[in-house]
Amino acid sequence: MLDLPDPTQLAVPAFVLLVLAEIFYGWKTGRARFEGKDTMTSLIMGLGSTVSGALTAALAIGFSYWVWANFALFDLGAAWWVFVLAFVLDDLAYYWIHRMGHRMRWMWAAHVIHHSSQHYNLSTALRQTWTGQFTPGILFKMPIFLLGVEPAIVFFCAGINLIYQFWIHTEAIDKMPRWFEYLFNTPSHHRVHHANNPRYLDANYAGVFMVWDRMFGSFIPEEKTEPCRYGLVTDLGTFNPLRVALHEWVGIFKDIWHAATWRDRMLFLLAPPGWTPDGSRMTSDMIRSAWLERNKAKSKDPTPAD
Amino acid sequence: MDLVQIGGSLIAIIVLAVIAARLFPVKGGLTRERVLRNVRRFCPDIEFEVVSAKVFIGTKGEAAVLLFPDPHDGVAVATALGDRVVVRHIEDLSTITASRNKSGLTVDTHDFTQPTVALDLPEEQVSDLMALLTTEQSISGGPLHA
Ligand SMILES: [Zn+2]
Ligand SMILES: [Zn+2]
């Protein structure tokens, strides 16, 4: 087994210093906003995520190595180009894991944590899940192991990917140069991803390369006329880390418990967040179409003459 | 990850959070305007005249209950969470429990993501709100979907 360092663990001191720098920058310029309890919760979620990740890593590593050792088509080794290939393929897998993380409630139960702050700053980047290993996310990486890339290389690349995503969680940077905005995930693209404005829901799932969103039709640019409002469609009314970490799992459990049929039970797990058999809650698609309807109605309203 | 790393991380977290709290103090609680703006955002499909909405705001601006002019629309509960506002729309009042506490009123929405909401209110407002919630409850008595 290839012995590679965990890049995210090594980056932790830099994360701390950069959050501190953004706090002071925001205080001086007003171009970044923080709130003490929100920052505390985000950072506690980050620490908890590292701890839970360390406790459950053996599951993912064991399964991935079992697949790779028994079913890999090729032995690609560990040349530099394998790392480049692994980085690109892992980023593609990340795109689909992330997209499903928003479109399947089971995976949303883990990912929702990252979206649960109403702030958007570098500390939000560290607000990470505690329950990622309890979702089928790892299955999306199987094709890479089957191709013959050793899992350690893929996990190393995933770490670098996560480090890349740290700096894009900021309001302090408006737009990067056009070519960069076209190719890469940026603060502007990711602000849209964290926004709960109906216009911006379910967009910009990219990790590093923005090309996946452009390719698979999920790209929405940030509009100057519509500032992002961050958080969930129904924001959490608590900073309690345990409630933040587990709330959607509790919701799923309650819904499954009260469901009338097995079909409903399955869909409470696999359908998009907000799905109910009677349509009494709203999915992001429903919120978006209601918003479009309201806009249509508004534009039909005769403007009062003055 | 060992205990020393966890301890060190916890210290760093507390230091960062305290600095953030000092440099970005939370100013001002809920006002009628702030409650209305956030309720409108959260319930875009409910159209109502701002002047006809009854809003009860806790004396410290910590939380508020808004009664929509049309009783069939139920109520909205707004809470100040740090410097932000969180809103819940309760259409069916039988799903919440309102009770008096020492300094006002407690509303329990029985929602894992929204712990009990306590409002500091003058006695006459507590009575008004309790009466209104009770009346509303007797009007609704069940799900209010048409
Ligand atoms: Zn996301
Ligand atoms: Zn993010």
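One can find the structure itself at the top, above this paragraph.
So, here's what we can say about the structure. Numbers given for residues are sequential positions, taken from 1 along each chain in its written order. Chains carry letters from A onward and ligands carry numbers from 1 onward, assigned in written order. Where totals are concerned, whole chains, interfaces and linings use all residues; where local detail is concerned, this predicted model gives features only for residues with pLDDT of at least 70, and gives and counts side-chain atom pairs only at 80 or more. Side-chain measures here rest on the full set of heavy atoms in the structure, leaving out hydrogens and waters.

## Some details on the interface of chain A and chain B
The parts lose accessible area when they come together, and the size of an interface is often stated as this lost area.
In step 1: Whether two residues touch is decided by their heavy atoms; if any such pair falls within 4.5 Å, the residues are in contact. Listed as interface residues are 37 residues of chain A and, on the opposing side, 32 residues of chain B.
In step 2: What counts as buried area is the accessible surface, traced by a 1.4 Å probe, that two parts surrender upon association, with contributions from both included. Overall, the association of chain A and chain B removes approximately 3,200 Å² of surface from exposure, summing both partners, and the carbon and sulfur fraction of that is 71%.
In step 3: The largest share of the area that chain A buries against chain B comes from Leu47, Gln118 and Arg243 of chain A, three residues that together contribute 16% of it.
In step 4: Should a side-chain nitrogen of Lys or Arg be within 4 Å of a carboxyl oxygen of Asp or Glu, the pair is scored as a salt bridge. Put simply, chain A and chain B have one salt bridge between them.
In step 5: Between Asp45 of chain B and Arg294 of chain A there is a salt bridge; the shortest N-O distance is 3.0 Å.
In step 6: Definition of a polar contact: a pair of N or O atoms within 3.5 Å, with one able to donate and the other able to accept a hydrogen when the atoms are protein atoms, and with sequence-neighbouring residues admitted only if both atoms are side-chain atoms. The tally of links from chain A across to chain B stands at seven residue pairs in polar contact (both at pLDDT 80 or more).
In step 7: Going through the elements one at a time, α1 (7-29), α2 (36-71), α11 (241-258) and α13 (284-300) of chain A are the ones with two or more residues in the side of chain A that touches chain B. The helix and strand labels rest on DSSP assignments: H or I over at least four residues marks a helix, E over at least two residues marks a strand, and numbering proceeds from the N terminus.

## Looking at the coordination of the zinc ion (ligand 1)
Residues and elements named next belong to chain A.
In step 1: Metal donors were taken as nitrogen, oxygen and sulfur atoms no farther than 2.8 Å from the ion, or 3.2 Å where the ion is Na, K or Ca. Water is excluded, so coordination may look unfinished. The coordination sphere of the zinc ion (ligand 1) contains the protein donors His98 (NE2), His102 (NE2), His111 (NE2), His115 (NE2) and His193 (NE2), at a distance range of 2.0 to 2.1 Å.
In step 2: Each donor residue of the zinc ion (ligand 1) lies on the same chain, and together they follow the pattern H-x3-H-x8-H-x3-H-x77-H.
In step 3: Taken as an interatomic distance, the gap from the zinc ion (ligand 1) to the zinc ion (ligand 2) is 5.8 Å. Taken together, the residues span a long stretch of sequence, with His98 in helix α3 (residues 80-103) and His193 in helix α9 (residues 187-194) at a distance of 95 residues.
In step 4: Judged by relative accessible area, His193 falls into the buried class, the value being 5%. Each residue is assigned to one of three classes by its accessible area relative to the maximum for its type, calculated with a 1.4 Å probe on protein chains only: buried under 20%, partly exposed between the two thresholds, exposed over 50%.

## Remarks on the coordination of the zinc ion (ligand 2)
Geometry sets the ideal angles at a metal, namely 109.5 degrees for four tetrahedral donors and 90 or 180 degrees for six octahedral donors.
All names here are of chain A.
In step 1: Only His114 (NE2), His169 (NE2), His190 (NE2) and His194 (NE2) from the protein coordinate the zinc ion (ligand 2), and they sit 2.0 to 2.1 Å from it.
In step 2: Under the classification used here, a metal with four donors is tetrahedral if each angle lies between 85 and 135 degrees, square planar if opposite donors are over 155 degrees apart and the others between 65 and 115, a six-donor metal meeting that same test is octahedral, and anything else is irregular. One can describe the donor arrangement at the zinc ion (ligand 2) as irregular, given that its four donor atoms subtend angles of 96 to 155° at the metal.
In step 3: Positions of the donor residues of the zinc ion (ligand 2), expressed as sequence spacing, correspond to H-x54-H-x20-H-x3-H.

## So, the sheet that holds strand β2 (residues 63-67) of chain B
Residue and element names in this part refer to chain B.
In step 1: Strand order across the open sheet formed by four strands is β1-β2-β3-β4, with antiparallel pairing between neighbours. Among the strands making up the open sheet, the edge pair consists of β1 (54-57) and β4 (84-90). On average, each strand axis in the sheet is inclined to that of its neighbour by 20°, with strand direction left out of account.
In step 2: Between any two strands, pairing holds if DSSP finds at least two bridges. As paired strands, β1 and β2 are joined by four bridges and run antiparallel to one another. For Phe56, the partnering residue across the bridge sits in β2 and is Val65. Throughout, an axis means a line fitted to C-alpha atoms (over the contacting stretch in the case of helices), and angles, computed between N-to-C directions, take values from 0 to 180 degrees.

## What to know about the environment of Asp128 of chain B
Residues and elements named next belong to chain B.
In step 1: For Asp128, the location among the structural elements is in helix α3 (residues 123-140).
In step 2: Given the relative accessible area of 43%, Asp128 is considered partly exposed.
In step 3: Asp128 sits 48 residues away from Ala80 along the chain, and the two C-alpha atoms are 22 Å apart.

## Structural notes on the nonpolar core
One recurring pattern in soluble globular proteins: nonpolar side chains tend to sit buried together.
In step 1: Among buried residues, those of type Ala, Val, Leu, Ile, Met, Phe, Trp, Tyr and Cys that are joined through side-chain atoms within 4.5 Å constitute a nonpolar core. Ranked by internal contacts, the top residues of the largest apolar core, which has 18 residues, are Val149, Ile153 and Tyr164 of chain A.
In step 2: Counting only elements with at least two residues in this core, the list comes to α3, α6 (142-147) and α7 (151-166) of chain A.

## So, the pairing of strand β6 (residues 104-108) of chain B
Residue and element names in this part refer to chain B.
In step 1: Most of β6 is tucked away: four of the five residues are buried.
In step 2: With five bridges connecting them, strand β5 (residues 97-101) and β6 associate as antiparallel partners. Counterpart to Arg100 in the pairing with β6 is Leu105.
In step 3: Linking two consecutive strands that pair antiparallel, namely β5 and β6, is a turn of two residues.
In step 4: When β6 meets strand β7 (residues 117-120), the two strands line up antiparallel, connected through four bridges.

## Some points on the pairing of β2 of chain B
In step 1: Burial runs high along β2 of chain B: five of the five residues are buried.
In step 2: Burial along β2 of chain B is two-sided: the face carrying Ala63, Val65 and Leu67 of chain B and the face carrying Ala64 and Leu66 of chain B are both buried.

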